[in-house]
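An overview of the molecular structure
Okay, here's what each chain looks like letter by letter:
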Amino acid sequence: MSTTETAMINRIITRVSQDEIRRAAEFQAAILADVAGRRGTLHGRIKPVASSIKMAGPAITVEVRPGDNLAIHAALAIAQPGDVIVVDGKDDLSCALIGEIMSTQAEASGIAGIIIDGALRDADALAENAFPVFSAGLNPCGPTKSIPGRVNYPISVAGAVVESSDLIVGDADGVVVLPRDAVSALLELAQKKLDTETRRLAAIRHGGIRAP
């Protein structure tokens with residue numbers, strides 16, 4: 001690997017705490033998106049391969065050239081258990097950037113999930129396994145592995161800015177990105193909102209009160 005290629009991989013990031021990750025995982029992405037000011041959600045084209053999946057973890061950001069997944073392999077090599085790999089695939093659906101093999105490798109390494117603004121393949125196998133994977137679409141065509149990208153640099157993914165170590169939460173509704181420095185405050189707001197909504201739902205179910 002050349003010096004230039006090495007410079008495009010940032011191996012040192014400051015992750016959110018394990019306690020914050022655990023707490024974030026208790027909330028729906030929708031709750032977190034609301035308290036974040038309706039900001040930081042990825043475009044609805046980013047969908048989970050299975051509706052039952054849920055994930056939360058710090059972002060390992062990846063930028064690739066359309067149709068090339070070399071940088072994703074680099075990210076898998078440096079990611080730590082619990083990380084979420086977030087790939088700016090340029091919304092290109094001409095070639096799948098990952099499939100069953102890379103997904104299985106990520107799961108075996110303890111990765112919490114993968115988000116790709118691009119295509120994937122082996123959808124049936126990925127859905128059956130239920131490892132958290134989100135993508136913009138499907139394509140049976142495989143990728144190239146020849147063009148260096150960047151790992152752990154700021155990226156733009158499906159309408160949201162994502163920086164390495166931002167907290168990523170995804171579920172059946174989609175994906176929300178919480179800026180690392182704001183996570184603690186947003187989790188407090190999320191708990192208050194959840195408590196309020198829980199009371200409202202209980203009142204509706206037991207008293208017939210109409211929701212405003």
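Notes on the structure follow. Remember, predicted model here, so these are calculated numbers, not experimental data. For every chain, the first residue of the written sequence is number 1, and numbering continues from 1 onward in sequence order. Under the rules for a predicted model, residues below a pLDDT of 70 receive no local features and side-chain atom pairs below 80 are neither given nor counted, while totals for whole chains, interfaces and linings still include all residues. Hydrogens and waters are ignored; side-chain quantities use all the structure's heavy atoms.

This part is about the nonpolar core. Residues Val 62, Ile 72, Ile 85, Val 87, Ile 98 and Val 151 are the most contacted members of the largest nonpolar core, which totals 26 residues. Helix and strand assignments follow DSSP, with helices taken as H or I runs no shorter than four residues and strands as E runs no shorter than two, numbered in order from the N terminus. For this core, the secondary structure elements donating two or more residues are strand E2 (55-63), helix H4 (70-78), strand E3 (84-98), helix H5 (100-108) and strand E4 (113-120). With 6 residues, the top contributor of residues to this core is H4. For this analysis, residues touch if any pair of their heavy atoms sits within 4.5 Å. For Ile 98, the residues in contact, after removing those within four places along its chain, are Ile 72, Ile 114, Ile 116, Ala 119, Leu 120, Arg 121 and Val 133. Here the nonpolar core consists of buried residues drawn from Ala, Val, Leu, Ile, Met, Phe, Trp, Tyr and Cys, with membership extended through side-chain atoms lying within 4.5 Å. Exposure is judged per residue with a 1.4 Å probe applied to protein chains only, and the accessible area is read against the type maximum: over 50% gives exposed, under 20% gives buried, and values in between give partly exposed.

Taken as a whole, H4 has its buried residues at Ala 71, Ile 72, Ala 74, Ala 75, Leu 76 and Ile 78. On the buried face of H4, the contacting elements are E2, E3, H5 and strand E6 (150-151).

To count toward a patch, a residue needs a relative accessible area over 30% and no salt bridge; like charges are then connected within 9 Å, while nonpolar side chains (Val, Leu, Ile, Met, Phe, Trp, Tyr) are connected within 5 Å. Where accessible areas are quoted, they stem from the Shrake-Rupley method and a 1.4 Å probe; at the residue level, only the protein chains shown are allowed to cover. The working definition used for a salt bridge is a side-chain nitrogen of Lys or Arg within 4 Å of a carboxyl oxygen of Asp or Glu. Think of it this way: Lys and Arg go in the positive column, Asp and Glu in the negative one, and His and the chain ends go nowhere. To locate a charge, take atom NZ for lysine, CZ for arginine, CG for aspartate or CD for glutamate. Taken together, the side chains of Glu 100, Asp 122, Asp 124 and Glu 128 present a region of like negative charge at the surface. Looking at where Glu 100 falls in the secondary structure, it is placed in helix H5. Residue classification places Glu 100 among the partly exposed residues on the basis of a relative accessible area of 40%.

Quick look at the pairing of E3 now. Most of E3 sits out of view: 11 of its 15 residues are buried. Only strands that DSSP links by at least two bridges are regarded as paired with each other. Note that E2 and E3 share 5 bridges and pair parallel. Across the sheet, the residue bridging to Ala 59 is Val 84, located in E3. Sheet topology note: the E3/E4 ladder contains 7 bridges and is parallel. When the bridges of E4 are listed, Val 87 appears paired with Ile 116.

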